[in-house]
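# Notes for the structure review
Listed below, chain by chain, are the residues.
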Amino acid sequence: MIESNIKKVLVSEEEIQKRVKELGKIITKDFKETKGLIVVGLLRGSILFMADLMREIKLPLKIDFMTVSSYGNQFETTREVKILKDLDENVMGKDILIVEDIIDSGLTLSKIMEILKNRNPNSIKLCTLLNKSARREVNIKADYIGFDIPDEFVLGYGLDYLQEYRNLPYVGVMKEDVNE
Ligand code: PRP
Ligand code: MN
Ligand code: MG
């Protein structure tokens, strides 16, 4: 059973669903005047949050996805973020809402913001379910944050450990002995 590797539940399914509804309401209000909203999910971690959040945004919108390379186990100096799958939509003049599962160092998001800004959208906003500010290396601030979390190894609700655990409906903390 996969749950035997979980030390504790950090954010429960109920807490997530409640917060997703709140964020959806706020985003719906903020984007009321939009002339074209594109919600961009970053694969693969964002898919559960994206699927739940988009149902709570009560506005016409398009969705699109982007995959960037994971720099996971490399040394800091060699880390770079490359586009593996680009957007299909033209975002020029559109309002972009980027949806992420977690902001950690901020390197993934800062690179993506830079790429998307160069395509001249009307606006770019960022929504993350989890914000781990203790690990930030670049100045990235989300416009919408689900939960601020401590510096622990989290998984579930889209977040993986070796590509597994993404299907858990809650965010949990992994047992240390599994992690090494
Ligand atoms: C994870 C997570 C974020 C990113 C955050 O993705 O989903 O996208 O890392 O880290 P950062 O702020 O330090 O850049 P990962 O690269 O593991 O790919 P995944 O979404 O497919 O799990
Ligand atoms: Mn990711
Ligand atoms: Mg990952």
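The structure reproduced in this document is the subject of the present report. All values reported here derive from a predicted model rather than from experimental measurement.

Bringing the overall build of the protein into the picture now. Scanning the protein from N- to C-terminus turns up three helices and nine strands. The linear arrangement of helices and strands in the protein, starting from the amino end, is β-α-β-α-β-β-β-α-β-β-β-β. Overall, the protein is about 50 × 40 × 25 Å in size when its C-alpha atoms are taken along their principal axes. Burial status across the protein gives 46% buried among its 180 residues. Of the contacts formed within the protein by residues at least 6 apart in sequence, a portion of 68% connects residues at least 24 apart. Per element, the accessible surface of the protein, about 9,900 Å² overall, is 50% carbon and sulfur. When the 27 positive and 30 negative side-chain charges of the protein are each reduced to one mean point, those points stand 5 Å apart.

On to the sheet that holds strand 5 (residues 95–103). The six strands lie next to each other as 4-3-2-5-6-7, forming an open sheet whose pairing is mixed. Taken across any chain shown, the strands that pair with only one partner, and hence form the sheet edges, are strand 4 (83–85) and strand 7 (144–148). The sheet shows a mean angle of 30 degrees between the axes of neighbouring strands, taken without regard to direction. Looking at chain direction, strand 5 and strand 6 (residues 123–131) are connected through eight bridges and run parallel.

Attention now moves to the sheet that holds strand 8 (residues 154–155). Pairing within the open sheet is antiparallel, and its three strands lie in the order 1-9-8. Because the sheet does not close on itself, it has two edges, and the strands there are strand 1 (6–11) and strand 8.

Given 3.6 residues to a turn, an α-helix orients residues that are three or four positions apart in the same direction. For helix 2 (residues 47–55), every residue scored as buried is listed here: Phe49, Met50, Asp52 and Leu53. Close packing links the buried residues of helix 2 with helix 1 (13–30), strand 2 (37–43), strand 3 (62–68), strand 5 and strand 6.

To continue, consider the environment of Glu80. Counting through the fold element by element, Glu80 comes out in the loop between strand 3 and strand 4. On the basis of relative accessible area, Glu80 is assigned to the partly exposed category, the value being 49%. Separated by 12 residues in the primary sequence, Glu80 and Val68 place their C-alpha atoms 9.8 Å from one another.

Quick look at the nonpolar core now. Among the nonpolar cores identified, the biggest contains 27 residues, and Phe49, Leu53, Leu97 and Leu130 are the most heavily contacted of them. Mapped by element, the contributors of at least two residues to this core are helix 1, strand 2, helix 2, strand 5, strand 6, strand 7 and strand 9 (171–174). For this core, the leading source of residues is helix 1, giving four residues. Other than its neighbours up to four places away in sequence, Leu53 contacts Val20, Leu23, Gly24, Ile27, Val99 and Cys127.

All right, on to the pattern of salt bridges then. Overall, the coordinates contain 12 salt bridges when judged by the stated rule. In this structure, Lys8 and Glu152 form a salt bridge, with 3.4 Å as the shortest nitrogen-oxygen distance. Placement of the pair is Lys8 in strand 1 and Glu152 in the loop between strand 7 and strand 8, with a sequence separation of 144 residues. A salt bridge links Asp104 to Lys132, with the nearest nitrogen and oxygen atoms 3.9 Å apart. With a gap of 28 residues between them, Asp104 in the loop between strand 5 and helix 3 (107–117) and Lys132 in the loop between strand 6 and strand 7 connect regions that are remote in the sequence. The exposure class of Lys132 is buried, given its relative accessible area of 5%.

Scoring rules and cut-offs
- Residues numbered from 1 in each chain as written.
- Chains lettered and ligands numbered in written order.
- Predicted model: local features only at pLDDT ≥ 70, side-chain atom pairs only at ≥ 80, totals over all residues.
- Heavy atoms only, no water.
- Helix = DSSP H or I, 4+ residues; strand = E, 2+ residues; numbered from the N terminus.
- Buried < 20%, exposed > 50% of the residue type's maximum accessible area, 1.4 Å probe, protein only.
- Contact = heavy atoms within 4.5 Å.
- Areas by Shrake-Rupley, 256 points an atom, 1.4 Å probe, with all protein chains shown as cover.
- Lys, Arg positive; Asp, Glu negative; His and termini not counted.
- Charge placed at Lys NZ, Arg CZ, Asp CG, Glu CD.
- Pairing = 2+ DSSP bridges.
- Axes fitted to C-alpha atoms, helices over the stretch in contact; angles between N-to-C directions.
- Core = buried A, V, L, I, M, F, W, Y, C linked by side-chain atoms within 4.5 Å.
- Salt bridge = Lys/Arg side-chain N within 4 Å of Asp/Glu carboxyl O.

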